[in-house]
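A look at the structure
What follows is each chain in one-letter form.
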Amino acid sequence: MGDNPHQLIRQIADGDTRALAALYRAYERPVYRFIVSRLNDPHEAADILHDVFMDIWRGAASFEGRSQVRTWIFGIAYRKVIDMHRKRARVTVTDDVPEPADAAEGAEAGYAARQEAEHLRFCVDALKDDHRVAITLAFYEDMTVAEIAEVAGVPEGTIKSRLHHARKLLLHCLSGRIGARSPA
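1. Re the environment of Q7
- Looking at the secondary structure, you find Q7 in helix α1 (residues 4-13).
- Classification of Q7 by relative accessible area gives partly exposed; the value is 38%.
- Counting along the chain gives 62 residues from Q7 to V69, while the straight-line C-alpha distance between them is 9.9 Å.

Below you can see the structure in the form of structure tokens.
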């Protein structure tokens, strides 16, 4: 995208709804994925996504360009998710993994891949919130440590530490679950 996102923000600040639509198209999917990964509720995630872009519309004129547009947008989403968690009074939400429609569907390799994905999701979901944010932004959104630090509003060293600990916890969780689910 190059400098295009910065240009879009300037156009949005001038009231250009087409620029907002272009920015929305560019960032809708990754921001939605990030939000839903933190809330496990597609409807709430869609509401928050809408709120994020409303904040962009209202706040584009205040964007100073000191950060990348992407980190600014993810920072808005991050704060909205934190607010939602506070509203929920830290109620733990679990992510039920649906059963395959047809047990015979797919080969053993497909079943094994689903099991591995389920184990990974379980382990990521078991992480503390700060660790889960760092891992999600680093590996699913391909953000740098500096970008994650900006989104979370903490020093880069804190993010490095969170990533280090999250990786260790994930490895421990994943290695502990290997073989834990043997066929009955």
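From this point, things continue past the structure.
2. Structural notes on the side chain of E147
- Summarising the element assignment, E147 is placed in helix α7 (residues 145-152).
- What makes E147 buried here is its relative accessible area of 8%.
- When neighbours within four sequence positions are excluded, E147 is seen to be in contact with Q68, R70, T71 and D142.

3. A few points about unusual backbone geometry
- Phi at N40 takes a positive value of approximately 60 degrees, unusual for a residue other than glycine.
- Along the chain, the position of N40 falls in the loop between α2 (17-39) and α3 (42-59).
- Positive phi is not limited to glycine here, since D142 has a value of about 55 degrees.
- Positionally, D142 belongs in the loop between α6 (129-140) and α7.
- Among the residues examined, D142 registers a relative accessible area of 62% and is labelled exposed.

4. Let's talk about the state of the cysteines
- Scanning the entire structure with this criterion turns up one disulfide.
- Bridging C123 to C173, the disulfide has an S-S length of 2.1 Å. One quick way to see it: the torsion about the S-S bond of C123 and C173 is about -80 degrees, and its sign makes the bridge left-handed. Taken as a pair, C123 in helix α5 (residues 108-126) and C173 in helix α8 (residues 156-177) lie far apart in primary sequence, 50 residues in all. As far as burial versus exposure is concerned, C123 and C173 are alike and both buried.

5. As for α1
- Among the residues of α1, those classed as buried are P5, L8, I9 and I12. Burial along α1 is one-sided: seen end-on, the buried residues are contained in an arc of 100 degrees.
- Where α1 is buried, its residues meet α2, α3 and α4 (69-87).
- At the exit of α1 stands G15, carrying a positive phi of roughly 90 degrees.

6. Overview of the packing of aromatic side chains
- Enumeration over the complete set of coordinates arrives at three aromatic pairs.
- Ring geometry for F34 and F74: centres 5.5 Å apart, planes at 65 degrees, overall edge-to-face. Here F74 lies in helix α4 and F34 lies in helix α2, a separation of 40 residues in the sequence.
- Here F34 falls in the buried class, since its relative accessible area comes to 0%.
- Considering the side-chain rings of F63 and W72, the 4.8 Å spacing of their centres and the 45 degrees angle between planes classify their relative orientation as tilted.
- Relative accessible area serves as the criterion here: at 13%, F63 is assigned to the buried category.

7. So, the nonpolar core
- I9, L23, I35, V52, I56 and I73 are the most contacted members of the largest nonpolar core, which has 47 residues in total.
- Elements that contribute at least two residues to this core include exactly α1, α2, α3, α4, α5, α6, α7 and α8.
- In terms of residues, this core owes the most to one element, α4, which gives 10 residues.
- Split by domain, the residues of this core number at least three in each of domain 1 (5-88) and domain 2 (111-181).
- Each residue touching I9, except ones within four places of it in the same chain, is listed here: L23, I56, A60, F63, V69 and W72.

Reading the values: rules and limits
- Residues numbered from 1 in each chain as written.
- Predicted model: local features only at pLDDT ≥ 70, side-chain atom pairs only at ≥ 80, totals over all residues.
- Heavy atoms only, no water.
- Helix = DSSP H or I, 4+ residues; strand = E, 2+ residues; numbered from the N terminus.
- Buried < 20%, exposed > 50% of the residue type's maximum accessible area, 1.4 Å probe, protein only.
- Contact = heavy atoms within 4.5 Å.
- Disulfide = S-S within 2.5 Å.
- Arc of directions from axis to C-beta.
- Phe/Tyr/Trp six-rings, centres within 6.5 Å; stacked < 30°, edge-to-face > 60°.
- Core = buried A, V, L, I, M, F, W, Y, C linked by side-chain atoms within 4.5 Å.
- Domains from an automatic or database assignment.

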